[in-house]
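Notes for the structure review
Here are the chains, one letter per residue:
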Amino acid sequence: MTDSTWTPPAIWTWNQASGGKFASINRPVAGATHERALPVGRHPLQLYSLGTPNGVKVTVMLEELLALGHAGAEYDAWLVKIGDGEQFGSGFVEVNPNSKIPALVDRSGPEPIRVFESGAILVHLAEKFGAFLPTAPAARAECLSWLFWQMGSAPFVGGGFGHFYAYAPDKLEYPINRYAMETKRQLDVLDRLLATRRHIAGDDYTVADIAIWPWYGQMAQGLLYGAGEFLQVEQYTHLRRWADEVGARPAVQRGRRVNRTFGDPADQCPERHDATDLDRPGA
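Residue positions are counted from 1 within each chain, in the order its sequence is given. At least 70 in pLDDT is required for a residue's local features to be given in this predicted model, at least 80 for side-chain atom pairs to be given and counted, and no such filter applies to totals for whole chains, interfaces and linings, which use all residues. The side-chain figures draw on all heavy atoms in the structure; neither hydrogens nor water molecules are used.

The chain appears in an unreviewed UniProt entry as Glutathione S-transferase from Sphaerotilus natans subsp. natans DSM 6575.

1. Topic: the overall build of the chain
Helix and strand assignments come from DSSP, with helices taken as H or I runs of at least 4 residues and strands as E runs of at least 2, each series counted from the N terminus. For the chain, the helix and strand inventory stands at nine helices and four strands. Computed over C-alpha atoms, the radius of gyration of the chain comes to 19 Å, within 12% of the 19 Å expected from 2.2 N^0.38 for 283 residues, which places it in the range of a compact globule. Projecting the C-alpha coordinates of the chain onto the three principal axes gives extents of approximately 55 × 50 × 40 Å. Here the term buried applies to any residue with accessible area under 20% of the maximum for its type, exposed to any over 50%, and partly exposed to those in between, with areas from a 1.4 Å probe on protein chains only. Buried residues in the chain amount to 46% of all 283 residues. Carbon and sulfur atoms make up 55% of the accessible area of the chain, which amounts to about 13,800 Å² in all. For the chain, the centre of its 27 positive side-chain charges and the centre of its 32 negative side-chain charges are spaced 1 Å apart. Computation of the radius of gyration draws on C-alpha atoms, with the globule rule given as 2.2 Å multiplied by the number of residues to the power 0.38. For every accessible area listed, the method is Shrake-Rupley and the probe measures 1.4 Å; residues are considered covered only by the protein chains on display. When charges are counted, neither His nor the chain ends are considered; positive counts come from Lys and Arg and negative counts from Asp and Glu. By convention, the charge on Lys lies at NZ, on Arg at CZ, on Asp at CG and on Glu at CD.

2. A few points about the sheet that holds strand β3 (residues 103–106)
In short, DSSP must find at least two bridges between two strands for them to pair. Reading across the sheet, the four strands line up as β2-β1-β3-β4 and stay open at both edges, with mixed pairing between neighbours. The strands lining the two open edges of the sheet, one partner per strand, are β2 (75–79) and β4 (113–116). Across this sheet, the average inter-strand angle for adjacent strands is 20°, counted without regard to direction. Contact definition: two residues touch when any of their heavy atoms are within 4.5 Å. Every angle, taken between N-to-C directions, lies between 0 and 180 degrees, and every axis is a line fitted to C-alpha atoms, over only the stretch in contact when it is a helix. Contacting β1 (45–49), β3 and β4, helix α3 (residues 118–129) crosses the sheet at an angle of about 130° to β4.

3. Some details on the packing of aromatic side chains
Each Phe, Tyr or Trp ring (for Trp, its six-membered ring) is paired with any other whose centre lies within 6.5 Å, and the angle between the two planes then decides the class: stacked below 30 degrees, edge-to-face above 60, tilted in between. Tallying each qualifying case throughout the model produces nine aromatic pairs. Pairing Trp149 with Tyr216 gives two aromatic rings, centres 5.1 Å apart and planes at 40°, and the pair type is tilted. Here Tyr216 lies in helix α6 (residues 207–220) and Trp149 lies in helix α4 (residues 137–167), a separation of 67 residues in the sequence. No difference in accessibility class separates Trp149 from Tyr216, as the two residues are buried. Relative to Tyr225, the ring of Phe161 lies with its centre 6.3 Å away and its plane at 75°, an arrangement referred to as edge-to-face. Of this pair, Phe161 sits in helix α4 while Tyr225 is found in the loop between α6 and α7 (228–231), placing the two residues 64 residues apart along the sequence. Exposure remark for Phe161: the relative accessible area of 1% places this residue in the buried category. Taken together through their ring pairs, the aromatic side chains of Phe161, Tyr165, Tyr167, Tyr225 and Phe230 make up a single cluster.

4. Structural notes on the UniProt feature "domain: GST N-terminal" (unreviewed entry) in the chain
Those places that UniProt annotates as "domain: GST N-terminal" (unreviewed entry) correspond, in this numbering, to residues 46–133. In this annotation, residues 46–133 is assigned 38% helix and 19% strand; the end-to-end C-alpha distance for the span is 22 Å. UniProt positions are given in the numbering used here, feature names are shortened, and annotations may be inferred rather than shown by experiment.

5. Here's the deal with the side chain of Thr183
Within the element layout of this structure, Thr183 appears in helix α5 (residues 173–194). The buried category is assigned to Thr183, whose relative accessible area is 1%. Setting aside residues no more than four positions away along its own chain, Thr183 makes contact with Phe156, Val157, Phe161, Met219 and Leu231.

6. Comments concerning helix α9 (residues 250–257)
Among the residues of α9, those classed as buried are Ala251, Val252, Gly255, Arg256 and Arg257. Check the buried side of α9 and you find it contacts α1 (53–67), α6 and α8 (237–247). Downstream of α9 by a residue or two, Asn259 has a phi angle that is positive, lying close to 60°.

7. Here we look at the pairing of β4
When β3 meets β4, the two strands line up antiparallel, connected through four bridges. Paired with Asp106 across the strands is Ile113, a residue of β4.

8. Section: the UniProt feature "domain: GST C-terminal" (unreviewed entry) in the chain
Taken from the UniProt record, the annotation "domain: GST C-terminal" (unreviewed entry) applies to residues 136–278. For residues 136–278, the helix share is 63%, the strand share is 0%, and the end-to-end C-alpha distance is 35 Å.

9. Looking at the side chain of Asn259
Within the secondary structure layout, Asn259 lies in the segment after α9. A relative accessible area of 0% means that Asn259 is categorised as buried. Within polar-contact distance, the side chain of Asn259 engages the backbone oxygen of Pro270 at 2.7 Å. The contacts of Asn259, once residues within four sequence positions are left out, are Leu47, Ser49, Leu50, Gly51, Thr59, Ala77, Trp78, Leu79, Cys269, Pro270 and Glu271. What qualifies as a polar contact is a pair of N or O atoms within 3.5 Å, subject to a donor-acceptor requirement within protein and to the restriction that residues adjacent in sequence count only when both atoms come from side chains.

10. Quick look at the pattern of salt bridges
What counts as a salt bridge is simple: a side-chain nitrogen of Lys or Arg found within 4 Å of a carboxyl oxygen of Asp or Glu. Within this structure, the stated rule accounts for 13 salt bridges. Note that Asp188 and Arg192 form a salt bridge whose closest N and O atoms lie 2.7 Å from each other. Note that Asp188 and Arg192 are positioned in helix α5 at a spacing of four residues, about one turn of the helix. Owing to a relative accessible area of 26%, Asp188 belongs among the partly exposed residues under this scheme.

Take a look at the structure:
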């Protein structure tokens, strides 16, 4: 089977009918579409997010910090309904001009600090609390290298493979093959790495594990896009060993539920404003 060809016009124009599942929110311009102030809770950290892999990175990090006893990591997690375009509200755009979740406002100091992009949020929190980021130069470089590997690589998995395999209005052979190949190459990168070490950056659990698990750990467990069989994820035995170990951590299990609005209702906690919110299944 070959895909039908399309000749690009001399000048691209926006066809609002295209884009499949996300046609109503994708657009070629930035900025706010409506006025909407962000809510502010009582905790030092205010998170505006959704339980996608990028959002899960931050909620896992916060739950891990709380598990270590860092009371200053208490947070409110507000749900941003991206399907309804809430990320284009004026308040959200002020926090993240790129209109993507997650976005964090750190209100623990004299002036609020906005932090956007999940990798930047993880580094901000790691440095703020002195946790999950090595301080020795070589270990720090290794950890940050894998953290930013994830930031650069995952768009091929989500916006590439995930979009064309699960969300695009038509199943097209070329893009699915192209991004399946790249996704499997990345899974193999991690599988080879984890054949030689317990965690991503070495013996210790770090922000690199926290960033990579929601994407590649869940992919290896067959939990993303219904694509486990298609990608034959069972062959990545070292990656799956790591994925299961990280996924069994209580803080990971808690963080994975925050801002989650899909799947098993017992795993959903659309908003989190107190630790006890996660003690009520389906709250």
